[in-house]
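# Architecture at a glance
Below, each chain spelled out in residue letters.
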Amino acid sequence: MKTMKFFPVIGAFVFALAFSSCQKEAINPNVSDDILPARFSVKVPASISESSEGKKAYSAQDTLRGSDIYQHLGTFIAVGDGAGEIVEGIIRGIRYYHINKPLSMTYESDEDGRAKNLVVFKEASFEDRVWDFQMNISDAESEGNDDGGLGLQIFWNTYPIEGIAILKPYNVNRNEIEFLDNAVFRIDYSEAGENGYDAEMLVSIAGLPLLNPLVDPFCMSTLKMKAAKKGDLIDVYGNSNHPNARFFSSQSGFNWAFVASADEKADVAVAEVGLPPSDLNQTSREILLKDFSIKNVFTDQIYAVWPWISQNLVNGYLYNAGAPGYFNKYGFVQGGTSPGTSYDGVEARINNLSPFNPSEISNLEINFKLN
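Computed from a predicted structure; not experimentally measured.

What follows covers the packing of aromatic side chains. With the rule as written, the count across this model stands at 12 aromatic pairs. With a centroid separation of 4.3 Å and an interplanar angle of 5°, the aromatic rings of Phe-126 and Phe-155 are classed as stacked. Here Phe-126 is found in strand E2 (residues 115-126), whereas its partner Phe-155 is found in strand E4 (residues 150-157), with 29 residues between them in sequence. Take Phe-126: its relative accessible area is 10%, and that puts it in the buried class. Owing to a relative accessible area of 0%, Phe-155 belongs among the buried residues under this scheme. Plain terms: the ring middles of Phe-247 and Phe-298 are 5.2 Å apart, the flat faces sit at 50° to each other, and that makes the pair tilted. Taken together, the residues Phe-247 in the loop between strand E9 (233-242) and strand E10 (254-263) and Phe-298 in helix H5 (residues 294-305) connect sequence positions 51 residues apart. Assessed through its relative accessible area of 10%, Phe-247 is described here as buried.

And the structure:
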């Protein structure tokens, strides 16, 4: 049995690169009295937010490598992690205008050369809450569209810092991201400590375009991911939906459902991944991560396609598919059995984490406040 090769899932992450120039170069470093939020993201450690070859990733043809199993997890988490950084980058760019009170202004975008309207309101209501401030940035020529031409909408409180940011890249930069004309993502950020964390970030992404499945069968359409930090510990959980994803059989459409916890100081992390069908209407952790574990899904599909195959061959091929997966600063280490006691703390934490309902993630929608 040949090693199954996953295709790189980079299409959905391209939009992050389009905002690499969002920050104004002429920002006044002495400006510190504006009303904009100082932070709007939780940074996820590289051990679980990047695709990397683990130092114990097996290369034998009859064994599915651990890095093959978990490389997409790192990519999907990196997409969510990058979303918060994009919003922070835009906020840094807006600081050029020294916003310290409600105002209304028009400026020409450095990204696409189009006129953008920026409006800041005080005491704005959204989703049954009253926020200290609301800011809208819209593409002036598109304000008659159904989305109001909105590129960025933020609701926030200044102390403690908490807020909601909704971003439509197409209305921010028309030059580089035309293929993302329907993509919208949302960041919910809080330092209020309501769940015992120092900071929490909930990332939701919808409307991502599906690429040709022959080119990228694992292309992502939606994602919802929670990242929360307490001291040196970061918990991450969520789902990404992949309508065209196929593995061994003809069945297509899966969520990449995951939970992970990392210790920044110790440079270790533990993750567990399930592959429930995209249309599964379930919230049970046992079902999402155990019944639909990678090992169970792959085993069932292998026997469905090759019912005559020997159990020893299947066991050998899925040697690294045991849950959970263990990581260090170099990436994947091994699956199923802990490499040592340094992982005990983060391994215990993932037992209290659960992904979201797959069917809800597959049908995720994100909307601006329009009035």
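Of all 5 residues in strand E13 (residues 331-335), 5 are buried; the element is thus mostly enclosed. Direction of pairing for strand E12 (residues 325-328) relative to E13: antiparallel, over a ladder of 4 bridges. Bridge pairing in E13 links Asn-328 to Gly-331. What sits between the antiparallel neighbours E12 and E13 is a turn of 2 residues.

Here is what the cut-offs are and how they apply
Each chain carries its own residue numbering, running from 1 in the written order of its sequence. Residues qualify for local features only when their pLDDT is at least 70, as the model is predicted, and side-chain atom pairs are given and counted only at 80 or more; totals for whole chains, interfaces and linings, by contrast, use all residues. Note: side-chain values were computed over all heavy atoms of the structure, leaving out hydrogens and water. Ring geometry is summarised as follows: Phe, Tyr and Trp rings, the Trp one being its six-membered ring, pair when their centres sit within 6.5 Å, and such pairs are stacked at plane angles under 30 degrees, edge-to-face over 60 and tilted between the two. To qualify as a helix, a DSSP run of H or I must reach at least 4 residues; to qualify as a strand, a run of E must reach at least 2; elements of each kind are numbered from the N terminus. Note on classification: 1.4 Å probe, protein chains only; a residue is buried when its accessible area is under 20% of the maximum for its type, exposed when over 50%, partly exposed between these limits. Two strands qualify as a pair provided that DSSP identifies no fewer than 2 bridges between them.

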